[in-house]
Amino acid sequence: MPHPAPSAASSAFPNAALPFAPVLGHRPQRLIGRNQELSDFLAQIQAPPQTAGGIAGKHRQKTTLISGGKGMGKTALLLELCDWAANAGYAVLRPAADQDAAADLIFHSQNGPTLVAVDDVTTASASLRHLASAYFSLLAEGRNVALVLAGPPVPFRKALTDSVLSRLKLGTRVELGPLPAGAVQARLQQALPQDENAASAHDLATATQGHPLLLQMIGFYLSSGNSAADALAFAQADFSDAVLRPLLAGLSPIDLEFLRAMTPDAGPTSVRDLRERTGWTDNYLQPYRARLINAGVIVAPRRGCVAFSQPFFRELLASEPL
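Along each chain, residue indices are assigned from 1 in the same order as the chain's sequence is written. It should be noted that, the model being predicted, local features are given only for residues of pLDDT at least 70 and side-chain atom pairs only at 80 or more, the latter also being counted only at that level, while totals for whole chains, interfaces and linings use all residues. Note that water and hydrogens are dropped before the side-chain values are worked out from all heavy atoms of the structure.

Sorry if this is basic, but what is going on with the side chain of Ser 109 here?
Starting at the N terminus, helices and strands are each numbered in turn, a helix being any DSSP run of H or I of at least four residues and a strand any DSSP run of E of at least two. Within the secondary structure, Ser 109 sits in helix H3 (residues 102-109). The classification of residues rests on relative accessible area computed with a 1.4 Å probe and restricted to protein chains. Under 20% of the type maximum is buried, over 50% is exposed, and intermediate values are partly exposed. For Ser 109, a relative accessible area of 6% corresponds to the buried category. Here a polar contact is taken to be a pair of N or O atoms separated by no more than 3.5 Å, where protein atoms must pair a possible hydrogen donor with a possible acceptor and residues adjacent in sequence count only if both atoms sit in side chains. Within the structure, Ser 109 has its side chain in polar contact with the backbone oxygen of Ile 106 (distance 2.9 Å). By definition, residues are in contact when any of their heavy atoms lie within 4.5 Å. Setting aside its immediate chain neighbours within four residues, Ser 109 contacts Thr 114, Leu 138, Arg 143 and Val 145.

Rendered as structure tokens:
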């Protein structure tokens, strides 16, 4: 078995021009499965300011709000949108979330179309409120300005309830979900060693459950010369370190008891089964259900059921004490 390449979860992994980028916050050479988002964004920034987005009776916006769980590709999509905007003739500004970029936006907008992209928005900071105020003032003047914000779902939604930032909710919402299975399989097929059976790409794609970061991790190990089985094993270990354990780190023993009661099921778990396995009343169970959904640990795929939000959650809980 080939020796595995350096851990994909390591922050020291370089953001080189590789086919796959198996590190949080890095962008692969090719973004897949986000064609609709890219098409909508291009139509938005190419439209004249007075016809872009928004609703009648309001200053119309070129605002894109990207949210998604850890590793779902928020930063990768934001960077891709920045490139598309630059190719469309926009000056692109990428301030940090705590950096006041209002003056820069005003200055650049005097010379032509300008886009500001802010990643990792978790709070309605004074600098972000100042930027939004400048943005709305420029929109009112008919300036060709655009704004892209990205952040994790719960704090991002909370930030947008701010009295100033709430007006941004008239923009385009992009909630990143799993990638299409066919696109994932095709991408992994290209990375398979020549001696691997083509069916391996289907099996690997199924294992990713459409998770973008897991796709990148598996693809990285495949392109490093590992077999499909080894690539999946290495990627699973890295994914657990980079995504799963951080999600579980802040949970209480009762939270973990809730999650372990879900592990016997290969698919979604009914709330009825949870009550039977834990012995909890519905009034006791429901607050923990809500808490774990808000934390991004579980999802509610349909009424009366819950499921793990990430691949390999069940395996991690079953394999080691937490």
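Now, onward.
Whenever I open this one, the sheet that holds strand E6 (residues 269-270) confuses me. Can you help?
Note on sheets: strands pair through backbone hydrogen bonds, and any given pair is parallel or antiparallel. Ordered by their spatial adjacency, three strands build an open sheet running E6-E8-E7, and the pairing between neighbours is antiparallel. Pairing within the sheet leaves two strands with one partner each, and these edge strands are E6 and strand E7 (298-299). Here two bridges tie E7 to strand E8 (residues 305-308), and the two strands are oriented antiparallel to one another. Of the residues in E8, the one forming a bridge with Val 299 is Ala 307. Strand pairing is assigned whenever DSSP identifies at least 2 bridges connecting the two strands.

I would appreciate a short explanation of helix H2 (residues 74-87) in the present structure.
Quick reminder: α-helices carry 3.6 residues per turn. Residues three or four places apart thus point the same way. Take the number of residues in a helix, subtract one, and multiply by 1.5 Å to get its expected span. End to end, H2 covers 20 Å across 14 residues, agreeing with the expected 20 Å (1.5 Å per residue, within 8%). Counting buried positions over the 14 residues of H2 gives 10, a clear majority of the element. By the burial criterion, the buried members of H2 are Lys 74, Thr 75, Ala 76, Leu 77, Leu 78, Leu 79, Glu 80, Leu 81, Cys 82 and Ala 85. Check the buried side of H2 and you find it contacts helix H1 (35-46), strand E1 (63-67), strand E2 (91-93), strand E3 (114-118), strand E4 (145-151) and strand E5 (172-175). Immediately beyond the C-terminal end of H2, within one or two residues, lies Gly 89, with a positive phi of roughly 95°.

Is there a simple way to explain the pairing of E3 in this structure?
Looking along a regular strand, one sees side chains alternate from face to face of the sheet. Burial of E3 is extensive: five of the five residues sit out of reach of the surface. Neither face of E3 is left uncovered, since the one carrying Thr 114, Val 116 and Val 118 and the one carrying Leu 115 and Ala 117 both have all their residues buried. Two elements, E2 and E3, share three bridges in a ladder whose sense is parallel. Bridge pairing in E3 links Leu 93 to Val 116. Following the chain from E2 across H3 to the adjacent parallel E3, one finds a crossover that is right-handed. Where E3 meets E4, five bridges bridge the pair, whose relative direction is parallel. Across the sheet, the residue bridging to Leu 115 is Ala 146, located in E4. Every crossover in which the path from the first strand over the helix to the second runs clockwise, viewed with the strands pointing away from the viewer, is termed right-handed. Between E3 and its parallel partner E4, the chain crosses via helix H4 (residues 126-140), and the hand of that crossover is right-handed.

What exactly am I supposed to notice about the side chain of Arg 187 here?
Here Arg 187 is to be found in helix H6 (residues 181-191). Under this rule, positive means Lys or Arg and negative means Asp or Glu; His and the chain ends count for nothing. We define a salt bridge as a contact between a side-chain nitrogen of Lys or Arg and a carboxyl oxygen of Asp or Glu at a distance within 4 Å. One buried charged residue, Arg 187, remains without a salt bridge, the closest side chain of opposite sign being Glu 80 at 12 Å. Once you skip the residues sitting within four places of it in the chain, Arg 187 turns out to touch Pro 19, Phe 20, Arg 30, Ile 32 and Leu 215.

I keep staring at the packing of H6 against helix H7 (residues 199-208) and nothing clicks. Help me out?
A pair of packed helices can be characterised by two numbers: the angle between their axes and the separation between those axes. Lines fitted to C-alpha atoms define the axes, with helix axes restricted to the stretch in contact, and inter-axis angles between N-to-C directions lie between 0 and 180 degrees. Contact pair H6 / H7: the axes reach a minimum separation of 8 Å and the direction vectors enclose 130°. When the interaxial angle is binned, H6 and H7 end up oblique. With respect to the hand of their crossing, H6 and H7 are arranged in right-handed fashion. Facing H6, whose interface residues are Ala 181, Val 184, Gln 185, Leu 188 and Gln 189, H7 presents Ala 201, His 202, Leu 204, Ala 205 and Thr 208. Looking at the contact of H6 with H7 residue by residue, the class counts come to six nonpolar, four polar and no charged. Oblique is the label for any angle not covered by the other classes, which are roughly parallel (under 35 degrees), roughly antiparallel (over 145) and roughly perpendicular (65 to 115). By definition, turning the near helix anticlockwise from the far helix through less than a right angle yields a left-handed crossing, and turning it clockwise yields a right-handed one. Residues are grouped as follows: Ala, Val, Leu, Ile, Met, Phe, Trp, Tyr, Cys and Pro are nonpolar; Asp, Glu, Lys and Arg are charged; all remaining types, including Gly, are polar.

Explain the nonpolar core here, please?
As a rule of thumb, soluble globular proteins bury nonpolar side chains together. Ranked by size, the top nonpolar core spans 48 residues in total, and within it Leu 248, Phe 258, Leu 259 and Val 297 carry the most contacts. Per element, the largest residue contribution to this core is 10 residues, and it comes from helix H9 (residues 228-249). Not counting chain neighbours up to four residues away, the residues in contact with Phe 258 comprise Leu 274, Trp 280, Leu 285, Tyr 288, Arg 289, Leu 292, Ile 298 and Val 306. For the purposes of this section, nonpolar cores are sets of buried Ala, Val, Leu, Ile, Met, Phe, Trp, Tyr and Cys residues that join through side-chain atoms within 4.5 Å. Val 121, Ala 132, Leu 147 and Leu 165 belong to the second largest nonpolar core, which has 23 residues in total.

Teacher, can you tell me more about helix H11 (residues 271-278) here?
Here H11 has its buried residues at Val 271, Leu 274 and Thr 278. The arc enclosing the buried residues of H11, seen along the axis, measures out at 50°, which places them on a common side. Structural note: H11 exposes Arg 272 and Glu 276 on the side pointing more than 90 degrees away from its buried face. The secondary structure elements touched by the buried residues of H11 are helix H10 (253-260), E6, helix H12 (282-294) and E8. The directions considered for the arc run from the helix axis to the C-beta atoms.

What exactly am I supposed to notice about unusual backbone geometry here?
Glycine aside, a negative phi is what most residues show, and trans is what most peptide bonds show. Positive phi outside glycine occurs at Gln 209, with the angle close to 55°. With respect to the helices and strands, the residue Gln 209 is situated in the loop between H7 and helix H8 (212-223). Of note, the phi angle at Phe 312 is positive, near 70°, even though the residue is not glycine. Checked against the element boundaries, Phe 312 lands in the loop between E8 and helix H13 (313-319).

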